[in-house]
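Summary of the model geometry
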Amino acid sequence: MARLTSDELANAIPDLLSPQSLAGLREPVETHRDAWGIPHIRATNEWDLFFAQGFITAQDRLWHMDADRYRALGRWSEFVGEFGLSQDKLLRAAGMGRSAKLDYDASSDAAKAMVDAYAAGVNAFIESDQPLPVEYGMLGTTPEPWENWHCITNYKMRNSLLGTFEAKLLRTKLAGQVDPSKIAAIMNGYPEGHLITVPPADRYDGVDLDGIEELQQAANDANWLNETEPGSNAWSISGDLTASGKPLVAGDSHRALDTPSVYYQVHLSCPDFQIIGHSVPGMPGVMHFAHNDNVAWGMTYGSADTQDLFIEKFEDRSDGRYFLFKDQWQPAEVLNESIAIRGGESVDIEITITRHGPVIAGDPSAGNGIAITDPGLIEGTRWVDSARDVMRSTSVETLHEAFGEWTDRVNNYAVADVDGNFGYLHEGKIPVRGERNGWSAVPGWTGEFEWQGYIPHDELPRTINPVEGFAVTCNQRVAQADYPYYVGLYFAAHYRADRIITRIGELEPGTATVADMATIHAERLSSPAIVLRDRMSSLELTGAVHRAAQGLLKSWDGRIDRESVATSIYAVIRSIITRWQTEFRFGDSSAELLASDTGADAHRRLIAQEWQMALENGDESIWPDGHTWSGVLKSALDEAMGLLRERYGDEMSDWTWGNLHRTAPIHPLSAVFPENADVLNPPGVSAHGDGDTPLAGSYGTAMPFDVSGISVNRYIFDPSDWTNSRWITPLGSSGHPGSKHYSDQSVMWSNVEYIPQLWDWQEIAEKAETSQTLNPG
């Protein structure tokens, strides 16, 4: 394909000024885009509001929406060729489209109307004479009509597979390759003494987990698997701490950096409610990181284990396929589908579904497979009703009630309302069953691992107006050891939560403002870095280069700053030790744990957490006999110096963290059309932080340490005066590469700066960059 011209990029941007006549609207709708291209939409009724949201989102993000739709439906290969085949196979099997239709059917009439209106708005844009995004011209295609259930599919694409199945599948496979005790050693539970969420500032006092027996059983039950080829911060503080006397909510969501940004900033208003926050393109409303007239809420991933893997036994007969359950053979559902591949031959696949869900690994025709069970994939649920109801909530308590039907995904919420209430909610459907289901895949034929309903909604962990004066959720363990239900095995270390709580504790009562919340967003002191710095400082070293590096570490304050050279030295040493620990523990299987996928990443973080705690405690038993921490650290420093000099030269001043640690936003079609990669990919920026700091910037296992997990939004909500609220994203509001709003927030984001979250309609109209009226056609 020829290189895109500037005219082609500019001509793909739709008309954002002229009045539009749209069949399906009932009354005129007022829309304004602010100086950052963020839409503010005001309608006289709910139908028109969601219709307009669908139309406006399609103006900015139609390609983004369609890409997610194709991914969710297992059709991504139609756009990107064989590159998308493995993903398509998994998502076809998972059946997001099938479950999305069930969710729609289960929804109330009001929730269906919300989805119907949004879909009608999207189709109004598709059917208009507006130009289509450049991606369609590159692919030589046009968008298909948007069906109502596609909205639900898009949300599922962004959330349903944010679960635990990848790690369980990897543990099941590894249990057949290595001594299960080696896996159990890193899966030994949340560390005693680390912070939990409820009660605030309380520390975990449970015992270590021991999953050796469970993992050994998994190795036996799934010994065929080796023959087959899948974070965030939020906090709320009491009005007793603030200058206004009202609480504050702040936070940020940590995910991979997508292009365009995963979330879409939007402001919606009609006579029944108004809300502003981050939406999922393709899905109506605003569900997370939002506030309405009365309540604010920020979300983090709940880390609840809601996805189980069941090892199934199959038998093919003349009348179909059967699976074993409680000594009886039951008929399985078998679907035969074809995946079309751009530039290649279609691939036929067979999907097998049991009582536990679709098979995502194994070969049922050979007698075995692993099925995934997930509340959002096995039956229709009314979570769309919750998505609608939360926008109308009037208090922290009614927000909790609105989440009563919430399913996709279990989340933590830092919350506050205009009446002065604040706190924390844990919302979603968590199945009731034993801890054994959490370790790995379990036998599906015995019946002993079946779910026994869900944790009752009012028994989910929460704290409202805690006496501590704050609630902090950073993916750390949610509840104490005596909580009566199994929630999950893996939670993030408490380092981020510890720093945020420390910073909140430094606030003088009656003084905290939005600006103080912004400084907490920018917090980048790393507790693990301090421990390693102090141990490195005590070493007896020879060689001028090594002593110079040691000197930088000694004088370093432990902040993961992009201008810091010591940060780079620390990060490379940390990566080397994590690699060595993985290789020592898992031998030939270590390559799978060092791979860049979700299941491996979770275990790699556990390995890093394990050795960091051992270093802090002076525990050398984690190394082979004869190895000491002093020797390991000297060797790691020596290798780190070699790597840094090889890649960045002999001048240490060139080794700044900002040189190693940059965002690398990649448009999903840049690999398909490399001649246009430079216009499709937004420019990268250097970034502070790492995976242990509130200012997030996690990275992989090898240089360059491109940012792999970042704050995909930051927000600060002020219930005392919503016009004081602030927000920022790492790219921009537009999905058009030719738009000035494609990545116009990125530099401010990298500097931990903000843009105002406009709320007052007079100010919005006066400061609008563009205004457009949508009229009934």
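This text gives an overview of the structure that appears in the document. Since the model is a prediction, treat every value here as computed from it, not as a measurement.

**Some thoughts on the overall build of the protein**
Counting secondary structure elements, the protein contains 27 helices and 26 strands. Taking 2.2 N^0.38 as the reference for a compact globule, 777 residues should give roughly 28 Å; the C-alpha atoms of the protein span a radius of gyration of 26 Å, in line with that estimate. Principal-axis analysis of the C-alpha atoms places the extent of the protein at approximately 80 × 70 × 60 Å. Looking at the protein residue by residue over its 777 residues, the buried ones come to 63%. As displayed, the protein has an accessible area near 26900 Å², and 46% of this comes from carbon and sulfur atoms.

**Focus: the sheet that holds strand β7 (residues 273-279)**
One open sheet accounts for 11 strands, arranged β1-β26-β2-β3-β6-β7-β8-β9-β17-β18-β20; its pairing is mixed. The outermost strands of the open sheet, each flanked by one partner alone, are β1 (20-22) and β20 (462-464). Adjacent strand axes in the sheet meet at a mean angle of 20 degrees, parallel and antiparallel pairs treated alike. Across seven bridges, strand β6 (residues 264-270) lies against β7 in antiparallel orientation.

**Some thoughts on the pattern of salt bridges**
Evaluated as defined, the whole model comprises 37 salt bridges. The partner of Glu 46 in a salt bridge is Arg 388, and the shortest N-O contact between them spans 2.9 Å. In this structure, Glu 46 and Arg 388 share a single accessibility class: buried. Here Asp 258 ties to Arg 158 by a salt bridge, and the two come within 2.3 Å at their closest N and O atoms. The buried category is assigned to Arg 158, whose relative accessible area is 11%. Via salt bridges that share partners, Arg 499, Arg 503, Glu 506, Glu 523, Asp 557 and Arg 559 belong to a single interconnected network.

**Brief notes about helix α4 (residues 85-94)**
Taken together, the buried positions of α4 are Leu 85, Asp 88, Leu 91, Arg 92, Ala 93 and Ala 94. In the segment just after α4, Gly 95 is the residue with positive phi, at about 75 degrees.

**Looking at the packing of aromatic side chains**
Under the definition given, this model contains 23 aromatic pairs. Ring centres 6.4 Å apart and planes at 35 degrees place the aromatic pair Trp 63 and Trp 76 in the tilted group. Within this pair, whereas Trp 63 is found in helix α2 (residues 46-72), its partner Trp 76 is found in the loop between α2 and α3 (77-80), the two being separated by 13 residues in sequence. For the pair shown, Trp 63 and Trp 76 are each scored as buried.

Cut-offs and rules
- Residues numbered from 1 in each chain as written.
- Predicted model: local features only at pLDDT ≥ 70, side-chain atom pairs only at ≥ 80, totals over all residues.
- Heavy atoms only, no water.
- Helix = DSSP H or I, 4+ residues; strand = E, 2+ residues; numbered from the N terminus.
- Rg over C-alpha atoms; globule rule 2.2 N^0.38 Å.
- Buried < 20%, exposed > 50% of the residue type's maximum accessible area, 1.4 Å probe, protein only.
- Areas by Shrake-Rupley, 256 points an atom, 1.4 Å probe, with all protein chains shown as cover.
- Pairing = 2+ DSSP bridges.
- Axes fitted to C-alpha atoms, helices over the stretch in contact; angles between N-to-C directions.
- Salt bridge = Lys/Arg side-chain N within 4 Å of Asp/Glu carboxyl O.
- Phe/Tyr/Trp six-rings, centres within 6.5 Å; stacked < 30°, edge-to-face > 60°.

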